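Residues per chain are reported as follows:
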Amino acid sequence: MGASQKDFENAMNQVKLLKEDPGNEVKLKLYALYKQATEGPCNTPKPGVFDLINKAKWEAWNALGSLPKETARQNYVDLVSGLSSSSDSSSQAKPEADRKQAEYETVVMTSEDGITKIMLNRPAKKNALTEQMYQEIMLALEAASKDDSTITVLTGNGDYYSSGNDLTNFTNIPPEGVEAKAKNSAILLRNFVGSFIDFPKPLVAVVNGPAVGISVTVLGLFDLVYATDRATFHTPFSHLGQTPEGCSSYTFPKIMGPAKAAEMLIFGKKLTAGEAYAQGLVTEVFPDSTFQKEVWTRLKAYSKLPQNALRISKQIIRSQEKEKLHAVNAKESSILQERWLSSECMNAIMNFFSQKAKL
Ligand SMILES: CCCCCC/C=C/C(=O)SCCNC(=O)CCNC(=O)[C@H](O)C(C)(C)COP(=O)(O)OP(=O)(O)OC[C@H]1O[C@@H](n2cnc3c(N)ncnc32)[C@H](O)[C@@H]1OP(=O)(O)O
């Protein structure tokens, strides 16, 4: 079977994460394969002789002749995969501990006692999610889905679980790049949430402090949510001129009923950990002083349960509504793509940075 649209989109995102410049020749190949995969054979007039860069790009695309779109997509994915592994090869010589860490800059991934822990690691910024961080979480989830651990945990370093989307993701964009930015962000969002929908093993959120925005909404896709009593749950989408994501427009009304979901998702009501527990978003709340000890003791016991039974049970539950979740995710992402272009949203983000509107 050839590369899927999702493999192709993942490969496009991986290109942005390459640590080393792959050089002009490879960049031209990537460009040509991308055009062929998305538009088919070269269909534009040859640029003039002095337009050197566009001429080189055109020639690379044109050289692919009538290569089918699907083959171009597969070749693009293969080329990126080769680049990613060769850019990792320098780290492969390093000791095991170093190697694991070298792959990620914004998360820390560790595996012990049958539990893989993915820890968001920008404590000074309250673990706000940059584009790099979305990518690294997806890569970490992919790795966790294939490792030999039984349970996967997402948690935060420092006093916050996460303050949600890093609002700098939407700053310093030149006017002519705004639409492309919204489109790429919607693709990234859809892939990010998709990796939670598809995650095959039991997934646990260890909510070590306040959670905001997308870090709250995706909780509806976890199997267990353990929270410290210091945690709060806040989805200030309307304040930001935005709309719900993370499948919360579907999962929250199911979990807590439409009235309580509306309070959170439309009116931005911030819940305490106790309220989130009462509404079914949180599995259990622990006193902050014993939170880490109690949670990890519990998870270590769970991780000794038969691995396949856990995984299969999760998959039976998820399979009932996987298709629905993907459809909701696609819709929410496409609505947000429009929202990000609105003056309501742009003004709210500017306000945050001018310190007028801390939420
Ligand atoms: C690819 C795109 C996908 C998009 C998906 C859609 C997602 C939507 C959402 O997640 S919406 C929610 C967005 N988040 C917020 O609106 C939270 C904004 N932050 C705050 O309101 C506050 O920072 C706080 C309440 C989280 C914490 O307040 P406080 O305790 O007073 O700390 P500071 O504000 O001083 O924060 C310390 C430091 O961190 C920076 N920071 C915190 N959160 C964010 C953020 N979300 N984006 C960017 N930067 C953030 C803050 O600016 C401070 O930086 P500084 O020390 O001043 O350099």
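The protein appears in an unreviewed UniProt entry as Enoyl-CoA delta isomerase 2 from Mustela putorius furo. The annotation that UniProt attaches to the protein under Pathway (unreviewed entry) is "Lipid metabolism; fatty acid beta-oxidation."

Asker: Please clarify how the overall build of the protein should be interpreted in this entry.
Answerer: The helix and strand tally for the protein stands at 15 helices and 9 strands. In terms of overall size, the protein behaves like a compact globule, its C-alpha atoms giving a radius of gyration of 22 Å where 359 residues would be expected to give roughly 21 Å. Dimensions of the protein, computed from C-alpha atoms along their principal axes, come out at roughly 70 × 50 × 40 Å. Scored against the burial criterion, the 359 residues of the protein give a buried share of 42%. If you take every contact in the protein between residues at least 6 apart in sequence, the share linking residues at least 24 apart comes to 75%. Accessible surface computed for the protein: about 17,900 Å², of which carbon and sulfur atoms make up 55%. Between the mean site of the 41 positive side-chain charges and the mean site of the 40 negative ones, the protein shows a separation of 2 Å.

Asker: How should the packing of aromatic side chains be read in this particular structure?
Answerer: The way to describe two aromatic rings as a pair is by their centre distance and the angle between their planes. Summed over the entire model, instances satisfying the criterion amount to 9 aromatic pairs. A ring pair is formed by Tyr226 and Phe286, whose centres lie 5.5 Å apart and whose planes are at 90°; its orientation type is edge-to-face. Taken as a pair, Tyr226 in strand E6 (residues 224–228) and Phe286 in strand E9 (residues 284–286) lie far apart in primary sequence, 60 residues in all. Clustering of aromatic rings is evident, with ring pairs tying together Tyr134, Phe192, Phe196 and Phe222. The residue whose ring lies beneath Lys57 is Tyr31, and the NZ or CZ to ring-centre distance is 4.8 Å.

Asker: Quick question: what am I supposed to make of the environment of Lys270 here?
Answerer: Residue position: Lys270 is located in the loop between helix H10 (258–265) and strand E8 (271–272). For Lys270, a relative accessible area of 43% corresponds to the partly exposed category. Between the C-alpha atom of Lys270 and that of Thr235, which follows or precedes it by 35 residues, the distance is 7.1 Å. Here Lys270 is in contact with Thr232, Phe233, His234 and Glu275, once residues within four sequence places are set aside.

Asker: Looking at this structure, I do not really get the sheet that holds strand E3 (residues 151–156). What am I missing?
Answerer: Within a sheet, each strand pairs with its neighbour through backbone hydrogen bonds, oriented either parallel or antiparallel. The mixed open sheet is built from 6 strands, whose spatial order is E1-E2-E3-E4-E6-E9. The open sheet has two edge strands, strand E1 (107–112) and E9, and neither has a second partner. Across the sheet, the axes of successive neighbouring strands diverge by a mean angle of 20°, strand direction being ignored. Where strand E2 (residues 115–120) meets E3, 6 bridges bridge the pair, whose relative direction is parallel. For Met119, the partnering residue across the bridge sits in E3 and is Thr155. In the packing of helix H12 (residues 291–302) onto the sheet, the strands contacted are E2, E3, strand E4 (203–207), E6 and E9, and the crossing angle to E6 comes to about 160°.

Asker: What should I look at first to understand empty space enclosed by the protein in this one?
Answerer: Rolled over the atoms, a probe with the dimensions of a water molecule shows which regions are left empty. Summed over the entire model, instances satisfying the criterion amount to 1 cavity of 30 Å³ or more. Taken as a whole, the largest cavity spans an internal volume of roughly 70 Å³. As for the largest cavity, its lining consists of Leu120, Leu129, Ile137, Leu154, Tyr161, Ser162, Phe192, Phe196, Ile214, Ser215, Val218 and Phe222. Elements supplying a minimum of two residues to the lining of the largest cavity: helix H7 (178–197) and helix H8 (214–217). Counted by class, the lining of the largest cavity contains 10 nonpolar, 2 polar and no charged residues.

Asker: Got a minute to help me understand the sheet that holds strand E7 (residues 232–234) in this structure?
Answerer: Here 3 strands make up an open sheet; going across it, the order is E5-E7-E8 and the pairing mixed. Each of the sheet's edge strands pairs with one partner strand only, and the pair in question is strand E5 (211–212) and E8. As judged from the 2 bridges shared by E7 and E8, these two strands associate in the antiparallel manner. For Thr232, the partnering residue across the bridge sits in E8 and is Thr272.

Asker: Would you mind showing me how to read the pairing of E3 here?
Answerer: Successive side chains on a regular strand alternate, one facing one side of the sheet and the next facing the other. Across the 6 residues that make up E3, a large majority, 6, are buried. Where burial is concerned, the two faces of E3 agree: the one with Ile151, Val153 and Thr155 and the one with Thr152, Leu154 and Gly156 are both buried. Between E2 and its parallel partner E3, the chain crosses via helix H6 (residues 131–146), and the hand of that crossover is right-handed. Note: E3 against E4, 4 bridges, orientation parallel. Each bridged residue has a counterpart across the sheet, and for Thr152 the counterpart in E4 is Leu203.

Asker: Sorry, what's going on with a nonpolar patch on the surface here?
Answerer: A cluster of nonpolar side chains, namely Ile312, Ile316 and Ile317, defines an oily patch on the protein surface of about 300 Å² accessible area. Inspection of the secondary structure assignment puts Ile312 in helix H13 (residues 307–319).

Reading guide: rules and limits
- Residues numbered from 1 in each chain as written.
- Predicted model: local features only at pLDDT ≥ 70, side-chain atom pairs only at ≥ 80, totals over all residues.
- Heavy atoms only, no water.
- UniProt positions renumbered as here; feature names shortened; annotations may be inferred.
- Helix = DSSP H or I, 4+ residues; strand = E, 2+ residues; numbered from the N terminus.
- Rg over C-alpha atoms; globule rule 2.2 N^0.38 Å.
- Buried < 20%, exposed > 50% of the residue type's maximum accessible area, 1.4 Å probe, protein only.
- Contact = heavy atoms within 4.5 Å.
- Areas by Shrake-Rupley, 256 points an atom, 1.4 Å probe, with all protein chains shown as cover.
- Lys, Arg positive; Asp, Glu negative; His and termini not counted.
- Charge placed at Lys NZ, Arg CZ, Asp CG, Glu CD.
- Phe/Tyr/Trp six-rings, centres within 6.5 Å; stacked < 30°, edge-to-face > 60°.
- Lys NZ or Arg CZ within 6 Å of the ring centre and 35° of its normal.
- Pairing = 2+ DSSP bridges.
- Axes fitted to C-alpha atoms, helices over the stretch in contact; angles between N-to-C directions.
- 1 Å grid on protein atoms, 1.4 Å probe; cavity = no way out; pocket = protein on both sides within 12 Å on 5 of 7 lines; lining within 4 Å.
- Points joined across faces, edges and corners; volume = space filled by probe spheres on them.
- Nonpolar A, V, L, I, M, F, W, Y, C, P; charged D, E, K, R; others polar.
- Right-handed = clockwise from strand over helix to strand, strands pointing away.
- Patch = residues over 30% accessible without salt bridge, like charges linked within 9 Å, V, L, I, M, F, W, Y side chains within 5 Å.
- Salt bridge = Lys/Arg side-chain N within 4 Å of Asp/Glu carboxyl O.

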